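Fold and contact review
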Protein chains: 2
Amino acid sequence: MNEESPVGRPKKGRREAAREATEQAILEAAEKVFAEAGFGGATMQLIADLAGLPKANLHYYFATKESLYRAVVERIFRIWLHAADQMDEAAGPAEGIGAYIDAKMEISRRHPNGSKVWASEVMHGAPVIQDYLETTLRDWTAGRCAVIERWIAEGRMAPVDPRHLLYMLWATTQHYADFNHQIETLNGGRPLSAADWEAAKTNVKEVILRGIGALD
Amino acid sequence: MNEESPVGRPKKGRREAAREATEQAILEAAEKVFAEAGFGGATMQLIADLAGLPKANLHYYFATKESLYRAVVERIFRIWLHAADQMDEAAGPAEGIGAYIDAKMEISRRHPNGSKVWASEVMHGAPVIQDYLETTLRDWTAGRCAVIERWIAEGRMAPVDPRHLLYMLWATTQHYADFNHQIETLNGGRPLSAADWEAAKTNVKEVILRGIGALD
DNA sequence: CTCAAGCCTGACCATATGGTCAGAATTGGA
DNA sequence: TCCAATTCTGACCATATGGTCAGGCTTGAG
């Protein structure tokens with residue numbers, strides 16, 4: 001789409017690099033503000049302040065609040081999907097689903113804001129990513145359901161409804177991001193420690209893997 | 001708090017009855033609008049329209065947007081807690097936790113908007129119900145953890161961390177309310193049927209109860 | 001029936017917010 | 001160095017929204 005230097009690598013000039021850096025800073029700030037205030041509660045001014053640039057400059061990079069929001073949501077969606085690769089090359093349910101849980105828990109830990117924006121978007125009826133739900137996500141889901149059904153047919157796990165199993169996986173893992181405030185409050189007001197996170201992961205995996213008969 | 005007619009039943013006059021009816025209509029409308037648009041995205045005008053009265057009248061019943069929002073959140077919280085009673089009189093984990101799952105799934109089915117408002121509130125850092133989290137919810141949680149730990153000590157279920165088990169219960173059941181749009185989209189764009197809900201309940205119960213070793 | 005208390009409402013206001021724009025500052029290739 | 005393209009910015013605007021208020025309407029106790 002753009003001229004590049006003779007070398008294979010882009011080798012972006014100072015200008016392009018700065019642009020990308022600014023864009024990332026904006027996305028980062030926007031993700032946080034959208035997560036903490038919701039789309040309606042977020043203000044371009046707040047995002048601009050957090051990103052460290054004047055509001056008018058924000059509009060130079062993202063024409064409207066909605067386009068910025070869309071960029072944030074799409075960014076998260078990409079991370080979501082990428083994390084799901086874990087499940088593909090697995091030999092059986094214990095490794096496959098176990099790895100998927102690990103990956104999703106790690107995302108909840110590292111990108112709680114992204115998870116919250118996603119949750120908010122879906123809760124409000126997916127006004128901007130409805131098409132993704134109907135295409136990419138639907139296909140992805142069908143694919144995983146097929147894998148799970150194969151495992152069931154092979155007698156490697158109990159005959160549970162794959163659809164509802166996926167919902168359980170999403171729900172339990174994302175809960176640690178979306179409700180982290182509640183969890184921290186019940187944890188004495190302190191964030192989960194590394195050990196706490198390990199315990200959480202282990203518990204989720206144990207209960208679910210045993211629950212689908214993939215442990216014995 | 002108020003004078004009542006000689007009879008035991010309140011027998012509220014026309015006036016009082018109308019007031020309560022209006023109040024309920026407002027709360028119902030507000031719950032829906034807050035759920036669909038978030039606190040920041042919701043407008044008093046929208047709520048008024050949905051409740052079928054002029055905006056100024058809304059402010060006669062609820063002075064500010066925040067006080068109305070607070071009323072909605074507290075209403076949900078009460079339902080939440082009440083549903084948890086199921087778990088108390090149970091003889092063991094299978095019945096107790098099974099009944100709790102049933103109750104929470106039923107709430108997700110009947111009060112999806114309430115669940116969403118709650119989720120949104122917690123996601124945004126619980127600005128209005130932080131005190132509830134630190135008192136009522138913390139106490140409630142401690143009580144249930146004690147019950148679960150007793151069951152574990154008695155060898156009636158596997159030794160899982162009670163805290164994380166509760167999170168799993170909350171996450172899985174509330175997911176059907178908070179993410180119902182996503183679920184419906186993956187269900188071919190149609191709401192879950194009665195049979196679908198039964199299947200969901202059964203699946204959640206089976207996986208979790210088997211997962212905590214309370215089925216054999 | 002009377003009338004005070006309670007309920008309802010249209011019109012209005014102050015403010016906050018998303019977005020615009022003209023022009024200044026900077027950059028980097030020629 | 002020069003200059004066109006790109007990036008940045010303060011000032012500004014139109015609109016939407018939460019909230020107010022003076023006055024009209026309804027209710028029900030006496």
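As the structure is a computational prediction, the values presented were derived from the model and not from experiment. (Residues numbered from 1 in each chain as written. Chains lettered and ligands numbered in written order. Predicted model: local features only at pLDDT ≥ 70, side-chain atom pairs only at ≥ 80, totals over all residues. Heavy atoms only, no water.)

**Describing the protein's contact with DNA strand C**
Counted only if it meets this: It suffices for a single heavy atom of a residue to lie within 4 Å of a molecule or strand for the residue to be listed as near it. Two N or O atoms form a polar contact when they lie within 3.5 Å of each other; inside protein one atom must be a possible hydrogen donor and the other a possible acceptor, and for residues adjacent in sequence the pair counts only when both atoms belong to side chains. In this description a helix means any DSSP run of H or I spanning at least four residues, a strand means any run of E spanning at least two, and both kinds are numbered starting from the N terminus.
Taken together, the neighbourhood of DNA strand C is formed by 17 residues, with A:Lys55, A:Lys65, B:Ala56, B:Tyr60 and B:Tyr61 sitting nearest. By atom count, sugar and phosphate contribute 59% of the portion of DNA strand C lying within 4 Å of the protein. One nitrogen or oxygen atom from the main chain of A:Ala42 is found 3.1 Å from a phosphate oxygen belonging to DNA strand C. At 2.6 Å, a side-chain N or O of B:Tyr60 approaches a phosphate oxygen of DNA strand C. Breaking the surface near DNA strand C down by element, the ones donating at least two residues are helix H1 (14–41) and helix H3 (55–61) of chain A together with helix H1 (14–41) and helix H3 (55–61) of chain B. Counting residues per element, the surface near DNA strand C draws most heavily on H3(B), at four residues.

**Topic: the protein's contact with DNA strand D**
As a structural note, the neighbourhood of DNA strand D is formed by 17 residues, with A:Ala56, A:Tyr60, A:Tyr61, B:Lys55 and B:Lys65 the closest of them. Among all atoms of DNA strand D positioned within 4 Å of the protein, those belonging to sugar or phosphate total 58%. Contacts to DNA strand D include A:Asn57, whose side-chain N or O atom sits 3.4 Å from a phosphate oxygen. Measuring from a phosphate oxygen of DNA strand D, one finds a side-chain N or O atom of A:Tyr60 at 2.5 Å. For the surface near DNA strand D, the elements supplying multiple residues, two or more each, are H1 and H3 of chain A together with H1 and H3 of chain B.

**Notes on the relation of the copies chain A and chain B**
Our working definition: Our superposition of the copies is a least-squares fit, built on the C-alpha atoms of residues whose pLDDT is at least 70 in both. A contact between two residues is defined here by any heavy atoms of the two lying within 4.5 Å.
Each copy superposes on the other: chain A lies on chain B with an RMSD of 0.0 Å after a rotation of 180° and an axial shift of 0.0 Å. In short, the pair behaves as if placed about a two-fold rotation axis. Minimal C-alpha separation from the rotation axis in chain A is found for A:Gly211, amounting to 1.8 Å. Most of the interface of chain A is mirrored in chain B, where 100% of its interface residues again form contacts.

**A look at the environment of B:Ser120**
Here B:Ser120 shows up in helix H6 (residues 112–123). On a C-alpha basis, the gap between B:Ser120 and B:Ala35 in space is 7.9 Å, while along the polypeptide they are 85 residues apart.

**Details of the domain arrangement of chain A**
Residue and element names in this part refer to chain A. What counts, and what does not: Each domain's extent is set by a domain assignment, obtained either automatically or from a database. Throughout, the accessible surface (probe 1.4 Å) given up by two parts as they are put together, summed over both, is called the buried area.
Split into domains, chain A comes out as domain 1 (14–63) and domain 2 (73–211). Taking the mean C-alpha position of each, domain 1 and domain 2 sit 28 Å from one another. Contacts between the two partners involve seven residues from domain 1 and, on the opposite side, six residues from domain 2. Interface area for domain 1 against domain 2, summed over the two sides, is near 610 Å², with a carbon-plus-sulfur share of 52%.

**Some remarks on the side chain of A:Asn180**
All names here are of chain A. Put simply, the rule reads: Each residue's exposure class comes from its accessible area (1.4 Å probe, protein chains only) as a fraction of the maximum for that residue type: buried when under 20%, exposed when over 50%, partly exposed otherwise.
By the element assignment, asparagine 180 lies in helix H9 (residues 180–186). Classification of asparagine 180 as buried rests on a relative accessible area of 17%. With residues near it in sequence (within four places) discarded, asparagine 180 still touches Pro112, Lys116 and His175.

**Let's talk about the packing of H1(B) against H6(B)**
Residue and element names in this part refer to chain B. We count it as follows: In this analysis, axes come from line fits to C-alpha atoms, helices being fitted only over the stretch in contact, and the angle between any two N-to-C directions falls in the range 0 to 180 degrees. Working definition: roughly parallel below 35 degrees, roughly antiparallel above 145 degrees, roughly perpendicular at 65 to 115 degrees, and oblique for all remaining angles. By convention, the crossing between two helices is left-handed when the near helix turns anticlockwise from the far helix through less than a right angle, and right-handed when the turn is clockwise.
Here H1 crosses H6 at 55°, and the two axes come no closer than 8 Å. Put simply, H1 runs oblique to H6. In this structure, the crossing between H1 and H6 has a hand that is left-handed. Of the residues in H6, those in contact with Glu31, Lys32, Phe34 and Ala35 of H1 are Asn113, Gly114, Lys116 and Val117.

**Some words on the interface of chain A and chain B**
Spelled out, the test is: Think of a salt bridge as a Lys or Arg side-chain nitrogen and an Asp or Glu carboxyl oxygen that are within 4 Å of each other.
The interface is formed by 56 residues belonging to chain A together with 56 residues belonging to chain B. It is A:Met123, A:Met168 and A:Leu186 in chain A that bury the most area against chain B; as a group they hold 16% of the surface buried on that side. Taken together, chain A and chain B are joined by zero salt bridges.

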